[in-house]
Amino acid sequence: MILITGPTGKVGQALIDALLAKGAAFKALARSDASAKALEAKGVAVVRGELSDLASALKGIDTLFLLSSSADPYAAEAPAVAAAQAADVKKVVKLSAYGAHADAANPFFRGHARVERLLEESGLAWTSLRPSFFMQNWVIYNAAAIQAGQPVYANAGTGRMGSIDVRDIADVAVAALTEGGHEGRIYDLSGPESLSQGEVAAKLAKLLSRDVAYVPVPDEAAYQAMLGMGMPADYTWALVTLNQAVRRGLADFTTQNVQLVTGHAPRAFDTFLSENLAAFQA
Ligand SMILES: NC(=O)c1ccc[n+]([C@@H]2O[C@H](COP(=O)([O-])OP(=O)(O)OC[C@H]3O[C@@H](n4cnc5c(N)ncnc54)[C@H](OP(=O)(O)O)[C@@H]3O)[C@@H](O)[C@H]2O)c1
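Residues numbered from 1 in each chain as written. Predicted model: local features only at pLDDT ≥ 70, side-chain atom pairs only at ≥ 80, totals over all residues.

*Asks:* Account for the overall build of the protein chain, naming residues and giving values.
*Replies:* Counting secondary structure elements, the protein chain contains eleven helices and eleven strands. For the protein chain, the C-alpha radius of gyration of 19 Å lies close to 19 Å, the compact-globule estimate for 282 residues. Its C-alpha atoms put the protein chain at 55 × 40 × 35 Å along the principal axes. Per-residue burial over the protein chain gives 43% buried out of 282 residues. (Helix = DSSP H or I, 4+ residues; strand = E, 2+ residues; numbered from the N terminus. Rg over C-alpha atoms; globule rule 2.2 N^0.38 Å. Buried ≥ 20, exposed ≤ 12 C-beta atoms within 10 Å, placed from the backbone.)

Now the structure itself:
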């Protein structure tokens, strides 16, 4: 039996849909009544619990999908790895991130690398999924500004990124969770093309038949603007260093892994934007 953590988030919702479509046997972890209700409405079997205290949720589970959304992935996920070792879990599929490296400037990347290392040393079978930026970020973080006719600001310069649709991450996760042959593998995952923020804005402008501006800003301006929105300083700095990495070209890559693992091509940004055009319209 598979347990999905983070089932109500961006990747998690896509993964639940993909597992339901496949008819796979799984349960999903919910930490609140609202999350439990939303999952049960889809016909998903729910186990209540927190990542920090997974022992009872792991009863009868042999395969764990591990996802957290913390600024400190190690603090959030290390207790879950320990709980998996203590239970009868055989395999962990971890949602990591492109750029995961012990010496990375970005704390998300460092934290993910530490969890990967923990899994390597755990005695559990593991697969690590390292996606590029999610296409869905454009709806979640930029749609309101675009609806209001305002520019998108970021300290990413003209750096390109091989953004991926979370549905493709989910399809790779389904394969890693339900098939053999993915153990001990790290999959760098991207969409089919590497694009700058300005190039995505231009695609959107064409689809909307109006201007959509991307304005690169310095790190300090991005930092102060996010602080001004009430975001905590350490999390804000983590986001600033994410875009620094983009500006320096670290995210400018594409891989064949979605095609190789799932047998289908990764979804294109044009397709994603066309499907989600209403979110950007006033
Ligand atoms: N965004 C990107 O472009 C990007 C790119 C590469 C990698 N990543 C990685 O993707 C991960 C985030 O995935 P996402 O964006 O799909 O997440 P998300 O949308 O933020 O959703 C987080 C999920 O985790 C659950 N959750 C959070 N804390 C929990 C806890 N303590 N106990 C139990 N459940 C908890 C949430 O449940 P509730 O519904 O109860 O809140 C929700 O289901 C991060 O590790 C990030 O580094 C992101």
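*Asks:* So, the environment of Lys42: which residues are in play, and what are the values?
*Replies:* Counting through the fold element by element, Lys42 comes out in the loop between helix H2 (33-41) and strand S3 (45-48). Along the sequence, Lys42 and Ala24 sit 18 residues apart, while their C-alpha atoms lie 14 Å from each other.

*Asks:* So what about the packing of helix H3 (residues 73-86) against helix H4 (residues 107-120)? Which residues, and what values?
*Replies:* Following both chains from N to C, one finds H3 and H4 inclined at 15°, their axes separated by 8 Å at the closest point. Classified by the angle between their axes, H3 and H4 sit roughly parallel to one another. You can see that H3 and H4 cross each other, and the crossing is right-handed. Contacts between H3 and H4 involve Pro73, Tyr74, Glu77, Ala78 and Val81 from the first element and Phe108, Gly111, His112, Arg114, Val115, Leu118 and Leu119 from the second. (Axes fitted to C-alpha atoms, helices over the stretch in contact; angles between N-to-C directions. Parallel < 35°, antiparallel > 145°, perpendicular 65-115°, else oblique. Left-handed = near helix turned anticlockwise from the far one by under 90°. Contact = placed C-beta atoms within 7 Å.)

*Asks:* Outline the sheet that holds strand S1 (residues 2-4), supporting the account with residue identities and numerical values.
*Replies:* With parallel pairing, the seven strands of this open sheet are ordered in space as S3-S2-S1-S4-S5-S6-S9. A strand with exactly one partner marks an edge of an open sheet, and here the two such strands are S3 and strand S9 (185-189). Strand-to-strand, the axes of this sheet are offset by a mean angle of 20°, without reference to chain direction. Inspection of the sheet shows strand S2 (residues 26-30) paired to S3 by four bridges, in the parallel sense. The residue of S3 that forms the bridge with Lys27 is Ala45. In the packing of helix H6 (residues 166-178) onto the sheet, the strands contacted are S1, strand S4 (63-66), strand S5 (91-95), strand S6 (125-131) and S9, and the crossing angle to S6 comes to about 170°. (Pairing = 2+ DSSP bridges.)

*Asks:* Talk me through the site of the ligand; I want residue IDs and the actual numbers.
*Replies:* The environment of the ligand is formed by 25 residues, the closest being Gly6, Thr8, Gly9, Ser69 and Ala97. Looking at which element gives the most residues to the shell around the ligand, the answer is helix H1 (residues 10-22), with three residues. For the shell around the ligand, the per-class residue count stands at twelve nonpolar, ten polar and three charged. (Near = placed C-beta within 6 Å. Nonpolar A, V, L, I, M, F, W, Y, C, P; charged D, E, K, R; others polar.)

*Asks:* Account for the packing of H1 against H6, with residues named and values stated.
*Replies:* With their axes 8 Å apart at the nearest point, H1 and H6 run at an angle of 55° to one another. Here H6 runs oblique to H1, going by the angle between their axes. Two packed elements cross with a definite hand, and for H1 against H6 that hand is right-handed. Between H1 and H6, the residues in contact are Lys10, Val11, Ala14, Leu15, Ala18, Leu19 and Lys22 and Val166, Arg167, Ile169, Ala170, Asp171, Ala173 and Val174, respectively. Among the residues making up the contact of H1 with H6, the classes are represented as ten nonpolar, no polar and four charged.

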